[in-house]
Amino acid sequence: MASSSEQSRVRELFDSMTLGVVRSLEKKPGVTDVRLLDRQPAEKHIIFTWEQKNMCILPEDLKSFFLTTNGLLIQWNIKFDGSVLPLGKMELNPVTGLVLLSKASSVSDEKPSLADLDADSDEEDGQGHIKPHFDNRCKVFELDPCDSYGKVCLVYKDIKAGVTTGQPEIWFLDRSLEWWYLASSFTDYFRMMIVHLGLPLWQYLFTATGLSPETKQWFNLYAPTRLAIDMANVEQKAQQKPNSTERNKSATNLPFNSLDVNRLFRGKTDKGKSKLSQAKKPPLGKTQNSSQGRQGQSGRSAPR
């Protein structure tokens, strides 16, 4: 069992990684039982094996993340109407959870696959990004299962002889199998997930469907400024078509603080231990680390 000093260092590391979101959540009214699942860093050979098996090279920021923690799970609840309800959830799959979303079906397949629904030609979204394909023109890996209301995916597009030759993008696949661009890198998506606090269905902010009325109420309670900025950004993009430079930016091209990946995700030392931040920070207080976190729910009752 880890000593109290070691647990404190681990909490300090995760607090640094998540930009203090855990302590920030604990200060919000009605929020209770913020849980952070402890996960050990991934071994280098596991990452190497994944790359060899899938013939893909993980981007450096995602690789550094896995060398710091093999996946992420933060859940937080609220006190509502005399009960404790699960609300927010920030989740990223471990290395072994990065599984192919679909494989192209062959002529001998008896059952249709996602590839059978694919278009022969390339299709662009409203910002000029070419949408992913389900067949062998792309390699799509699940990054976040989103509690079954969609999937956040790591998408490799430049495939030559089965080998990827470019950097992957982050896309959201909704329940209608429609693709929506989120970010050009894992770091950008990580930042998006943190600033939206893992509120249910937050990815739908960047789709034509938008947020449901009850989800907007949760945002008004816990992230009103974030919602206002996102809505203003959506309206601005609807009024003008971006140029080629703007197309390469993430879906949240907003005044965020930039992240230094080398400082955020420390990786591991040669001895196999994760490097921990040396800066002293206050303890996380009520934060509970548990190997078993209660699963979040995608649908919640709106506050009255």
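Here the structure is a predicted model, which means the values were calculated and not measured.

Observations regarding the nonpolar core
At step 1: Of all hydrophobic cores here, the largest spans 57 residues; its most connected members are Leu58, Phe65, Phe66, Trp76, Leu92, Tyr189 and Met193.
At step 2: With six residues, helix H5 (residues 186-195) is the single largest residue contributor to this core.
At step 3: One finds Leu101, Phe134, Val140 and Val155 within the second-largest nonpolar core, a separate group that totals 10 residues.

Some points on H5
At step 1: Buried residues dominate H5, accounting for nine of its 10 residues.
At step 2: Among all positions of H5, only Phe186, Thr187, Asp188, Tyr189, Phe190, Arg191, Met192, Met193 and Ile194 are buried.
At step 3: Phi turns positive, to about 60 degrees, at Leu197, one or two residues after H5.

Structural notes on the sheet that holds strand E8 (residues 169-174)
At step 1: The strand order E4-E5-E8-E9 describes an open sheet built from four strands, whose pairing is antiparallel. Every other strand in the sheet has two partners, leaving strand E4 (139-144) and strand E9 (179-183) as the edge strands with one partner each. The average undirected angle you get between the axes of adjacent strands in this sheet is 40 degrees.
At step 2: Across five bridges, the pairing between E4 and strand E5 (residues 150-156) is antiparallel. Pairing of Lys139 across the sheet is with Tyr156, part of E5.
At step 3: Packed on one face of the sheet, H5 meets E4, E5, E8 and E9 and runs near 95 degrees to E9.

What about the packing of helix H3 (residues 44-54) against helix H4 (residues 60-68)?
At step 1: Following both chains from N to C, one finds H3 and H4 inclined at 140 degrees, their axes separated by 10 Å at the closest point. In terms of orientation, H3 lies oblique with respect to H4. Crossing hand, H3 versus H4: right-handed. Across the interface between the two elements, Lys44, Ile47 and Glu51 from H3 touch Lys63, Phe66 and Leu67 from H4.
At step 2: By residue class, the composition of the contact of H3 with H4 is three nonpolar, no polar and three charged.

Conventions we followed
Residues numbered from 1 in each chain as written. Predicted model: local features only at pLDDT ≥ 70, side-chain atom pairs only at ≥ 80, totals over all residues. Heavy atoms only, no water. Core = buried A, V, L, I, M, F, W, Y, C linked by side-chain atoms within 4.5 Å. Buried < 20%, exposed > 50% of the residue type's maximum accessible area, 1.4 Å probe, protein only. Helix = DSSP H or I, 4+ residues; strand = E, 2+ residues; numbered from the N terminus. Pairing = 2+ DSSP bridges. Axes fitted to C-alpha atoms, helices over the stretch in contact; angles between N-to-C directions. Contact = heavy atoms within 4.5 Å. Parallel < 35°, antiparallel > 145°, perpendicular 65-115°, else oblique. Left-handed = near helix turned anticlockwise from the far one by under 90°. Nonpolar A, V, L, I, M, F, W, Y, C, P; charged D, E, K, R; others polar.

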